[in-house]
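Structure assessment
As a plain string of letters, each chain reads:
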Amino acid sequence: MKNKNSFLSTIFKLLTTGDKILILIFFLFGFVSLFALQRYQQPGSTVLIKIANNKIYRYNLDKDREINLHGPIGTTRILIHKGKVRVIHSDCPQKICVKSGWISGSFEIIVCVPNKIIIAIESKNNQYFDVITQ
Amino acid sequence: MKKSLIVLFLILFSFQCQNYSKIIPITQTRLLMDTFVQIVVYDQDKSKHEINRIIGLAFDRIQQIDNITNSYNDSSLISFVNQNGASYQIQMDSVLYHVVKESQRISTLSKGNFDITTGAVKDLWDFNNDNPFVPDSTVIRKTLKLVDYKLLSIDSDYLGFKTSGMKIDLGAIAKGFAIDEAVRILSVHGIHDAMVNAGGDLKTICTNLTAGKRKVWINHPRNTGEMFGFFRMDSGSVATSGDYERFFIKDSIRYHHILDPKTGYPAGKCISVTIIAKNALTADALATAVFVMGPEQGMIFVENQAFIECIILYKKDGKLIWTASTGIKDKFYLAN
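Everything numeric here is computed off the predicted structure, so don't read it as measured data.

This brings us to the overall build of chain A. Regarding its fold elements, chain A presents three helices and eight strands. In sequence order, the secondary structure elements of chain A are arranged as α-α-β-β-β-β-β-α-β-β-β. Counting all 134 residues of chain A, 37% fall into the buried class. Contacts in chain A between residues at least 24 apart in sequence constitute 28% of all its contacts with a sequence separation of at least 6. Per element, the accessible surface of chain A, about 8,400 Å² overall, is 60% carbon and sulfur.

As a further point, take the state of the cysteines. Residues and elements named next belong to chain B. By the definition in use, this model includes zero disulfides over all chains. Of all cysteine sulfurs in the structure, the one in C310 sits closest to C270, which takes part in no disulfide; the separation is 8.8 Å. Residue C310 is classed as buried on the basis of its relative accessible area, which comes to 0%.

The next subject is the interface of chain A and chain B. When the parts come together, some accessible area is lost, and that loss is often what is quoted as the size of the interface. Chain A puts 32 residues into the contact, and the matching count from chain B is 45 residues. Taken together, both faces of the contact between chain A and chain B bury some 3,300 Å²; the carbon and sulfur share is 65%. When residues of chain A are sorted by the area they lose upon contact with chain B, A:F129, A:T133 and A:Q134 head the list and together hold 25% of the total. Taken together, chain A and chain B are joined by zero salt bridges. Linking chain A with chain B are 14 residue pairs in polar contact (both at pLDDT 80 or more), by the criterion used here. Mapped onto the side of chain A that touches chain B, the elements with two or more residues apiece are α1 (2-14), α2 (17-41), α3 (96-99), β6 (109-112), β7 (117-122) and β8 (131-133) of chain A. Looking at the side of chain A that touches chain B, the element that brings in the most residues is α2(A), giving four residues. Among the residues making up the side of chain A that touches chain B, the classes are represented as 19 nonpolar, seven polar and six charged. In the sheet, β8(A) pairs with strand β8 (residues 215-219) of chain B via three bridges, with the strands oriented parallel.

All names here are of chain A. The sheet built from three strands is open, its strands ordered β3-β4-β5 with antiparallel pairing. One side of each edge strand has no neighbouring strand; the edge strands of this open sheet are β3 (65-71) and β5 (84-90). Looking at each pair of strands side by side, their axes are set apart by 25° on average, direction ignored.

Moving on: the domain arrangement of chain B. Residues and elements named next belong to chain B. For chain B, the domain assignment lists domain 1 (71-161) and domain 2 (214-334). Of note, the centres of domain 1 and domain 2, computed from C-alpha atoms alone, are 23 Å apart. Residue-level contacts link 26 residues of domain 1 with 25 residues of domain 2. Buried surface at the junction of domain 1 and domain 2, both sides included, amounts to about 2,100 Å², of which 71% is carbon and sulfur. Of all residues in domain 1, the largest losses of buried area upon contact with domain 2 belong to N113, W125 and F127, amounting jointly to 31% of the total for that side. Inspection of the region where domain 1 meets domain 2 yields zero salt bridges. Applying the counting criterion to the domain 1 and domain 2 interface returns four residue pairs in polar contact (both at pLDDT 80 or more).

Once that is clear, we can look at the nonpolar core. Residues and elements named next belong to chain B. Residues L96, I168, L170, I173 and I275 are the most contacted members of the largest nonpolar core, which totals 73 residues. Residue contributions to this core peak at 11 residues, all from helix α8 (residues 280-293). Taken domain by domain, the makeup of this core includes at least three residues from each of domain 1 (71-161) and domain 2 (214-334). What L96 contacts, discounting residues up to four positions off in sequence, is I68, L77, I78, V81, L159 and L170.

Right, let's talk about α8(B) for a bit. Residues spaced three or four apart along an α-helix point in a common direction, a consequence of the helix completing one turn every 3.6 residues. Residue and element names in this part refer to chain B. Relative to the 20 Å expected for 14 residues at 1.5 Å per residue, α8 spans 20 Å between its end C-alpha atoms, a close match to the ideal helical length. Along α8, 14 of the 14 residues are buried, which leaves the element largely enclosed by surrounding structure. One side-chain oxygen at the N-terminal end of α8 lies 3.4 Å from the backbone nitrogen of L281; it belongs to N279. Just downstream of α8 lies G294, where phi reads positive at about 95°.

Residues and elements named next belong to chain B. With antiparallel pairing, the three strands of this open sheet are ordered in space as β3-β5-β4. The sheet terminates laterally at β3 (90-91) and β4 (152-154), the two strands that pair on one side only. Pairing of β4 with strand β5 (residues 158-161) involves three bridges; the strand directions are antiparallel. For L152, the partnering residue across the bridge sits in β5 and is F161. Strands β4 and β5 of the sheet are contacted by helix α4 (residues 94-109), whose axis makes an angle of about 130° with β4.

In this section: the side chain of B:T210. Within the fold, B:T210 resides in the loop between β7 (201-205) and β8. For B:T210, a relative accessible area of 1% corresponds to the buried category. Setting aside anything within four residues of it in sequence, one finds B:T210 in contact with A:F129, B:Y42, B:D193 and B:D234.

What counts and what doesn't
Residues numbered from 1 in each chain as written. Chains lettered and ligands numbered in written order. Predicted model: local features only at pLDDT ≥ 70, side-chain atom pairs only at ≥ 80, totals over all residues. Heavy atoms only, no water. Helix = DSSP H or I, 4+ residues; strand = E, 2+ residues; numbered from the N terminus. Buried < 20%, exposed > 50% of the residue type's maximum accessible area, 1.4 Å probe, protein only. Contact = heavy atoms within 4.5 Å. Areas by Shrake-Rupley, 256 points an atom, 1.4 Å probe, with all protein chains shown as cover. Disulfide = S-S within 2.5 Å. Buried area = accessible area lost by both parts, 1.4 Å probe. Salt bridge = Lys/Arg side-chain N within 4 Å of Asp/Glu carboxyl O. Polar contact = N/O pair within 3.5 Å; in protein donor to acceptor, adjacent residues only side chain to side chain. Nonpolar A, V, L, I, M, F, W, Y, C, P; charged D, E, K, R; others polar. Pairing = 2+ DSSP bridges. Axes fitted to C-alpha atoms, helices over the stretch in contact; angles between N-to-C directions. Domains from an automatic or database assignment. Core = buried A, V, L, I, M, F, W, Y, C linked by side-chain atoms within 4.5 Å. Expected span 1.5 Å × (residues − 1).

Now the structure itself:
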């Protein structure tokens, strides 16, 4: 304990007033940017749509809208609503994509294999490491 | 001098913190093997262009495996075997040899609860039909004579059937092998922090960059869009077989696509089985095998295997409950 205190006081003695102000500025900057980054990253999520492995479309997840997508067997209609997305109509036979329901996390995906459509969410939040097994 | 060293240390430290929180993975998703395949690369030491090129090579390998093993594709090698395997021996391909050989190993290990020769019975059920129906019980019984992995004639050069009418279905194992191969391609090209996810079956490799960050969530088998629970995993493979993937309901009975090779009917004891293993091929095949065995027999089986863990969801007295093997029990958390 004594050693630790003497070590800290040695460091403290080494610092000039300018150094101390600089350190304070660093801490303040770090603290402010932590919140600023969180605010900045939360929107930014996009709905990525891929048709037949080549055409790629991106839509803002925060803007409500309905979109008609045209795949090899017909139309797939998707709805973006309150930061979530789902398929509301599909010309495919089994409607697995419609039954998939809403997705909103960056690791969630809706797929329509017959109509060759992938709907995924891209965002930069920490959930990007997560994955769903099913 | 000392003062400037301290300031320099503080500056470097603040940069270090920033880099740590800024991992921007490179992701590509494609439709392959009748599902989506997503490759995510977290490595930071290569250019975006180079990483995308390597991901492309991994997808090429998956496509190659799909072209050989997909029995829904009429021009695949396995379709050719299914059409002609009883008439003459088909020259073996290295991918097919590996997958069939591994299938045989898992069939023996699981005492026939996993069997790739269920193809003929699967055709009767035809889960991809717009109006699926329950096949006639006598037809199922008759077709069951064609389901037996011991009736495959296999060596390193040729593959054939000992009885005519047999069919191989690699749907419960080929995807796992494709995931293993995609990860191998990534590793060979110097990528060491990545994930390959094929329709919910997956394999991850990890460095300090993403260690401790990943949760693997198990889908809720009855409430669409909800999660049942999660566990943390850095490196390894996970596969899940569930009765909610492909099914139809007739007279209030759920008929799903995981068939018991001994009865020809959907295996009814489990709702969802998640297997954690070193490689995805094993996880994929054992998820089906343990599903067929049921929660009690399946758990005994898993506890007797090294490096295999499982989480089983099933119904008891109308209630959805879960059980897990010793190695994962304390690491599995329910959602909410």
